[in-house]
Amino acid sequence: TVVQAHLLPWTSANTNTDGQPAFRNADFDQPNEAYWQYVDFVVQEATQRGLYLALLPAWCRTYIEPADSALHWDSLKAYRYGRFLGQRYRAYPNLIWVLGGDRRPTRHAIYRHLATGLTEGYADGQPDRILLTFHPPGGTFRPPATSSGEFYHLEPWLDFNLIQSGHALGNASYERISQDYARQPTKPTLDAEPCYEGHPVKHDFKNGFFGAWDVRRRGYWSLLAGACGFTYGGNGIWQMDKPGNVKSEKHFKDFWYDAIDYEGSRQMQHLRWLAETYRWPTWVPDSTLLAGSPGQVDDRIQSVRTEDGRFQLHYSTNGRTILLAPLPKGAWSYQWFDPRTGALSPKKPTRSNSFTPPTNGRGTDWVLVLSRA
């Protein structure tokens, strides 16, 4: 379980909840010890609870890309900041480092120096002892998604790709995942910012808001398209909204202690169980398993098989009937897996290549699990 977190305030004018700025005189070479002692406390608490942290040193939309921002021009300052972080937190093996942040990158030397500083400080300059990635700009208005692979796939410091499918209804995240999956050299990829449950569509509640089905399908699409993981987001959680402290009025819907009980958040465990039970490391995305078109978005069927050919999984986004190509020789059985409850139906022998889920329509996604004896 990985928690994504900013190390610095959302905007350069903000402080932490104790009123402490991260730096004296807004200078990255002058860290404020009181601020960083609180960061130490958070990292220690996460470590004791068995959590991994994906730490973003400086949200580029605030601190790097704007021409008047603190790290826009000075790559050596970025390097020193990276070394400071790496040296301070080198004792913690549960950290993943995330550069970037919601903007198309242009300050390439800044990111390279920041990555070098982190690698030297955290891993004694050994790239195989640190995990680094990049949070790309949004896919909300650039469907189907934006990937770090479009900018930095060949950079030696980038260990795995992130995509951001964002906060629009029709963004087919599986397309960008599939593109990343095929990039050379091979690097893992995952959707680091899909739609968030309870979040307004295209950042405006006039368009409605995302529910559990919207979140689930991005997750199942991702893993069955070849992703190495998936990010669950809940509106109210990412802002930590509470009475008297609402970060963004236009996004506000629920306080954090209500948002933590969103339906979709409880259902993520079922996706994890499915992946771990059916040999996720051996999954191979394969649309040729279907007899017809996999469809798009609401009508999508996403298919995967295991390398040994023993299992096939087919995710039907809206309960559409699944028509399969002829199965390999052998005795096959099938089951239905319910992404809402995690329930798995009893095995039944296959008698045809057509499988109709128990229900269909919006919100009624199902996974067909085929097993060869």
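Just so you know, these numbers come straight off a predicted model, no measurement behind them.

Criteria and thresholds
Residues numbered from 1 in each chain as written. Predicted model: local features only at pLDDT ≥ 70, side-chain atom pairs only at ≥ 80, totals over all residues. Heavy atoms only, no water. Axes fitted to C-alpha atoms, helices over the stretch in contact; angles between N-to-C directions. Helix = DSSP H or I, 4+ residues; strand = E, 2+ residues; numbered from the N terminus. Parallel < 35°, antiparallel > 145°, perpendicular 65-115°, else oblique. Left-handed = near helix turned anticlockwise from the far one by under 90°. Contact = heavy atoms within 4.5 Å. Core = buried A, V, L, I, M, F, W, Y, C linked by side-chain atoms within 4.5 Å. Buried < 20%, exposed > 50% of the residue type's maximum accessible area, 1.4 Å probe, protein only. Salt bridge = Lys/Arg side-chain N within 4 Å of Asp/Glu carboxyl O. Patch = residues over 30% accessible without salt bridge, like charges linked within 9 Å, V, L, I, M, F, W, Y side chains within 5 Å. Areas by Shrake-Rupley, 256 points an atom, 1.4 Å probe, with all protein chains shown as cover.

### Re the packing of helix 7 (residues 212–225) against helix 9 (residues 263–277)
Here is step 1 of the chain: Two elements in contact, helix 7 and helix 9, have axes separated by 9 Å at closest approach and are oriented at 20 degrees. Between helix 7 and helix 9, the angle is such that the two are roughly parallel. The chirality of how helix 7 crosses helix 9 is right-handed. Between helix 7 and helix 9, the contacting residues are Ala 212, Val 215, Arg 216, Gly 219, Tyr 220 and Leu 223 on the first element and Glu 263, Gly 264, Gln 267, Met 268, His 270, Leu 271, Leu 274 and Ala 275 on the second.

### A few points about the nonpolar core
Here is step 1 of the chain: Leu 8, Trp 36, Tyr 81 and Trp 97 are the most contacted members of the largest nonpolar core, which has 48 residues in total.
Here is step 2 of the chain: Taken together, the elements giving at least two residues each to this core come down to helix 1 (33–48), strand 2 (52–56), helix 2 (60–63), helix 3 (75–88), strand 3 (95–100), helix 4 (108–123), strand 4 (132–135) and helix 5 (149–152).
Here is step 3 of the chain: Element by element, the count of residues in this core is highest for helix 4, at 7 residues.
Here is step 4 of the chain: With near-sequence residues (within four places) excluded, Leu 8 lies in contact with Ala 22, Phe 23, Phe 28, Tyr 35, Trp 36, Pro 57, Ala 58, Tyr 63 and Tyr 81.

### Here we look at the pattern of salt bridges
Here is step 1 of the chain: Counting across every chain of the model gives 25 salt bridges.
Here is step 2 of the chain: A salt bridge links Asp 286 to Arg 305; the shortest N-O distance between them is 2.8 Å. Here Asp 286 is found in the loop between strand 8 (283–285) and strand 9 (301–306), whereas its partner Arg 305 is found in strand 9, with 19 residues between them in sequence.
Here is step 3 of the chain: Since its relative accessible area comes to 13%, Asp 286 is described here as buried.
Here is step 4 of the chain: Relative accessible area serves as the criterion here: at 27%, Arg 305 is assigned to the partly exposed category.
Here is step 5 of the chain: Here the salt bridges share partners, and the residues they tie into one network are Asp 27, Asp 29, Lys 77 and Arg 80.

### Overview of a nonpolar patch on the surface
Here is step 1 of the chain: A surface patch of nonpolar side chains, amounting to about 360 Å² of accessible area, comprises Met 240, Trp 256, Tyr 257 and Ile 260.
Here is step 2 of the chain: When you line up the elements, Met 240 lands in the loop between helix 7 and helix 8 (256–259).

Interpretation note: all reported values are geometric properties and have no functional meaning in isolation.
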